[in-house]
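Residue strings, one per chain:
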Amino acid sequence: MPKHYRPAGKKKEGNAARYMTRSQALKHLQVNLNLFRRLCIVKGIFPREPKKKVKGNHHTYYHVKDIAFLQHEPLLEKFREIKTYQKKVKKAKAKKNEELARLLLTRQPTYKLDRLIRERYPTFIDALRDLDDCLTMVHLFAVLPASDRENLEVKRVHNCRRLSHEWQAYISRNHALRKVFVSVKGIYYQAELEGQKITWLTPHAIQQVFTNDVDFSVLLTFLEFYETLLAFINFKLYHSLNVKYPPILDSRLEALAADLYALSRYIDASSRGMTVEPKVDASSSSQSNDCEESELRLAQLQHQLPSSEPGALMHIVADNNKEVEEDEETRVCKSLFKDLKFFLSREVPRESLLFVIPAFGGMVSWEGEGAPFKEDDESITHHIIDKPSAGHLYLSREYVQPQWIYDCVNARIILPTEKYLVGRIPPPHLSPFVDNESEGYVPDYAETIKRLQAAARNEVLPLPGVGKEDLEDPQNLLYAGVISRAEEAEAATIKKKMATLEKQYHEELKMEVKVKGSNAVVSPVVAEGSEGEESVDDATKQRIAREDADTSTVMMSRKKRKLYEAMKIGKDKKKESVERIIRRKKELNATQE
C-alpha cells in the first residue's frame, strides 16, 4: 500500500483541510461572487497564502474558519432577504403595477453595520489604527460628482463631505495636525490622536473624472463600511469635547459652502456651554416639533456667538475646563500662528488653508460672503495670494504664496517671507515624510531650515564645511563671535578638567589590566611611515575586511544570504540615486553660472 494512500471518504489533512478555493467557498455559502465580495469586505476577511497550494497556483485561497465565520453571519440572511424582496419589486414593475412597486420600495428591508464596527474594533485605539484608508476613501468620494452609471448618489457624496468636514473640524480644534505635504496626487495630512499617527490623502479641488479601469462597485462597498466607521469615530471624538453629535450648523454658511467654518463655530460655542435645549410643545406633531427645534437652536446659536469678535469665531481657543494636559508638540503647534491674521484670495486652496491655519493657532478669513472679517481689516498680517493682484495693496501686511503656510507648518517656525513673495519662484517644497539623513542626501533648503530652527532655539550649528567636533573647541567659538572672552576662558577650563579626568580614567584601566594579567589585545600603534607602507596597510585592511565579510556570508543560511544580498542591492540603488542627484545639481549650477 502506498505511504500517502487515503481511502475514499477519509478525512482530509494538512493544507487541503485548512484552506479552500474561492469557487469552493461560493459553492459552500451558496452565494454569487458580488455578494461574497461584499461579505468579505464588511467582515474584514482576506485571501490567504498557504505554503502548499493544493489546487494550483492560479486559485485564490481562503481559510476554512473564515468561511465558517461568514456562514454564521446574520448579515448573510439579510442580504438574501433583500434579494428576494427585490424580485417582488421587479415582478410588480413587469406587471405594470406601479402603485404596488412604489409601496414595496417604501417597505424595503434595510441593514446596519454598527454591530460589525463593534465586532472588528473592540477598542477606540483599534479603530484609529485602521483609519488611514477610511479617511482617504471618504475624502475622495467627497469631491466626486454624482453618477447614475456608477450608482453614486448625491446623498452619499454629501454624507462623505459632511463626515470629512467633521473630522477636519475636530483635528483643527484640538491642534492635532502634525504634517502637511502638497503633491501631484493631492495633499497629504498627518495627525496624531491618542498616540496614533493617522495619515490620509485629500484630492485637489479640481473636477474629477471617472475612469473605466476602476470597479466602483467594490469601492462603494468599502465606502459603505468606512462611512459607518468614521461616523462612530466622530461621535466618540465630539462627545469627548462635550459637544452634541451630529452637529447642527448655520444654514446660511452651509449654503455658502463654508461648512468647515460653520463646524468650527458650532464646536467653539458648544464647548463653552452656550447652547440651550429648547422647550417643545407636546401637543404638536413630531414633524413640526423637529422643524421648530432645529430653527430655534440655530437662532440661539447665531444669537449667542459673539458677532463683534470675528477672530474669536475662527480662532479655536483652548477650552478652559479641559483637564487633559497637552504635550510639548501640541503646545508648539497651538502657538505657531498665534496673533497672526490671514486673508485668502480666491485662487488659493481655501478648504485646505481653512483647515491648516486654525489648527496651528491662526485666524483666517476669505473673500466672499460669510467671512469673519473683510479684506480691508487693518489687523491682517498676511495676505495669501497666488498671482499678482491689480487691486489695492496694503503696506501693513505681507503678500505671500500658499506654500509659505505649509513650509512653516512642517518646520514649526515662522520662515522668512522673502523667498515666498508673489511673482517669485518659491524654494522647493520638501516632504516632511522623508528622513534626509537616512536617505543620504540633505537638500540645501533643508539645511537652511535646520539653521533657522537652531537659531529659534538659540542653538549653535557648525558652518558649512565645518564639523560638529569643531564646536567643542571654545577658541573656535570665540573667533566666530558666538561667545565672549570670559565665557571662552571658563569653557576652556572645563574642557581641560574633563581631559584630565579622562586621562586619569584611562590610566586606571591600564593598571587594572596589568594587575589582572588579562590577555587583552592592545591595538598596535602605527608610526608614521612612507606612503608605500601606508598603501600596503590599507590594501591589507581591505583584504581582511573582504575575507571577514565572505566568511560571515558563507556561514549564513540560504534565506538569510538572499535577504542580505537584497539589502546590499537596496543600499547600492540608494547610493546611485544620491550620486545622480548630486551630479544633476552640479550640472544645473554649472549651466546657471
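Residues numbered from 1 in each chain as written. Predicted model: local features only at pLDDT ≥ 70, side-chain atom pairs only at ≥ 80, totals over all residues. Heavy atoms only, no water.

**Notes on the overall build of the protein chain**
The number of helices and strands found in the protein chain is 24 helices and 9 strands. Residues counted as buried form 35% of the 593 residues belonging to the protein chain. Contacts in the protein chain between residues at least 24 apart in sequence constitute 60% of all its contacts with a sequence separation of at least 6. (Helix = DSSP H or I, 4+ residues; strand = E, 2+ residues; numbered from the N terminus. Buried < 20%, exposed > 50% of the residue type's maximum accessible area, 1.4 Å probe, protein only. Contact = heavy atoms within 4.5 Å.)

**Quick word on the packing of aromatic side chains**
One pass over the full model with this rule turns up 18 aromatic pairs. Seen from their ring centres, F210 and F216 are 5.1 Å apart, and the 70° between their planes marks the pair as edge-to-face. Taking relative accessible area as the criterion, F210 reaches 16% and is therefore assigned buried. Given the relative accessible area of 8%, F216 is considered buried. Grouping aromatic residues by their ring pairs yields a cluster made of Y121, F222, F225 and Y226. Across from the ring centre of Y394, 4.0 Å away, lies the NZ or CZ of R397, which sits over that ring. (Phe/Tyr/Trp six-rings, centres within 6.5 Å; stacked < 30°, edge-to-face > 60°. Lys NZ or Arg CZ within 6 Å of the ring centre and 35° of its normal.)

**Considering the UniProt feature "coiled-coil region" (unreviewed entry) in the protein chain**
The positions that UniProt labels "coiled-coil region" (unreviewed entry) are, in the present scheme, residues 75–102. The distance from the first to the last C-alpha atom of residues 75–102 is 25 Å, and the span holds 89% helix and 0% strand. (UniProt positions renumbered as here; feature names shortened; annotations may be inferred.)

**Here's the deal with the sheet that holds strand 6 (residues 341–344)**
Read across the sheet, 4 strands follow the order 7-6-8-9 without closing on themselves; strand pairing throughout is parallel. If you trace the sheet from one side to the other, it starts and ends with strand 7 (363–366) and strand 9 (398–400), each paired once. This sheet shows a mean twist of 25° between the axes of neighbouring strands, independent of strand direction. Sitting on the sheet, helix 17 (residues 350–359) touches strand 6, strand 7 and strand 8 (382–384), and the angle it makes with strand 7 is about 160°. (Pairing = 2+ DSSP bridges. Axes fitted to C-alpha atoms, helices over the stretch in contact; angles between N-to-C directions.)

**Overview of the packing of helix 9 (residues 132–142) against helix 10 (residues 154–174)**
Between helix 9 and helix 10, the shortest axis-to-axis distance is 8 Å and the interhelical angle comes to 125°. Relative to helix 10, the element helix 9 is oriented oblique. Crossing of helix 9 against helix 10: the hand is left-handed. Every residue of helix 10 that contacts helix 9 at L135, V138, H139, F141 and A142 is listed here: V157, C160, R161, L163, S164, W167 and Q168. Tallied by class, the residues present in the contact of helix 9 with helix 10 amount to 8 nonpolar, 3 polar and 1 charged. (Parallel < 35°, antiparallel > 145°, perpendicular 65-115°, else oblique. Left-handed = near helix turned anticlockwise from the far one by under 90°. Nonpolar A, V, L, I, M, F, W, Y, C, P; charged D, E, K, R; others polar.)

**Some remarks on the packing of helix 5 (residues 74–94) against helix 6 (residues 98–106)**
Contact pair helix 5 / helix 6: the axes reach a minimum separation of 8 Å and the direction vectors enclose 160°. The angle between the axes of helix 5 and helix 6 places the two elements in the roughly antiparallel class. The handedness of the crossing between helix 5 and helix 6 comes out as left-handed. Between helix 5, through Y85, K88, V89, A92 and K93, and helix 6, the contact on the second element is made entirely by L100, A101, L104 and L105.

**A closer look at the pattern of salt bridges**
Inspection of the entire model under this criterion finds 21 salt bridges. A salt bridge links R38 to E224, with the nearest nitrogen and oxygen atoms 3.7 Å apart. Here the residue R38 occupies a position in helix 3 (residues 33–43), and E224 occupies one in helix 11 (residues 216–240), the gap between them amounting to 186 residues. We classify R38 as partly exposed; its relative accessible area is 27%. Linking R156 and E227 is a salt bridge whose minimum nitrogen-to-oxygen distance equals 3.5 Å. Here E227 lies in helix 11 and R156 lies in helix 10, a separation of 71 residues in the sequence. Look at R156 and you get partly exposed, because its relative accessible area is 23%. Judged by its relative accessible area of 9%, E227 is buried. In the salt-bridge network here, residues are joined through shared partners; they are K43, E73, R115 and E119. (Salt bridge = Lys/Arg side-chain N within 4 Å of Asp/Glu carboxyl O.)

**Re the side chain of S172**
Inspection of the secondary structure puts S172 in helix 10. For S172, the side chain forms a polar contact with the main-chain nitrogen of A359, separated by 3.3 Å. Aside from chain neighbours lying at most four places away, what touches S172 is F355, P358 and A359. (Polar contact = N/O pair within 3.5 Å; in protein donor to acceptor, adjacent residues only side chain to side chain.)

**Observations regarding the pairing of strand 4 (residues 187–193)**
The buried count for strand 4 comes to 5 of 7 residues, which makes it a mostly enclosed element. Here strand 3 (residues 177–182) runs beside strand 4; their pairing, made up of 5 bridges, is antiparallel. Residue pairing for strand 4: K179 is matched across the bridge by Q190. Counted between consecutive antiparallel strands, the loop separating strand 3 from strand 4 contains 4 residues. Where strand 4 lies against strand 5 (residues 196–202), 7 bridges are found, and the strand directions are antiparallel. Across the sheet, Q190 pairs through a bridge with T199, a residue of strand 5. Between strand 4 and strand 5, which pair antiparallel in sequence order, lie 2 residues; one of them, E194, sits at a positive phi of approximately 55°.

**Topic: the pairing of strand 7**
Neither face of strand 7 is exposed, since M363 and S365 on one face and V364 and W366 on the opposite face are all buried. Where strand 6 and strand 7 come together, 4 bridges link them in parallel fashion. Along strand 7, the bridge assignment pairs F343 with S365. Read from strand 6 through helix 17 to strand 7, the crossover connection turns out right-handed. (Right-handed = clockwise from strand over helix to strand, strands pointing away.)

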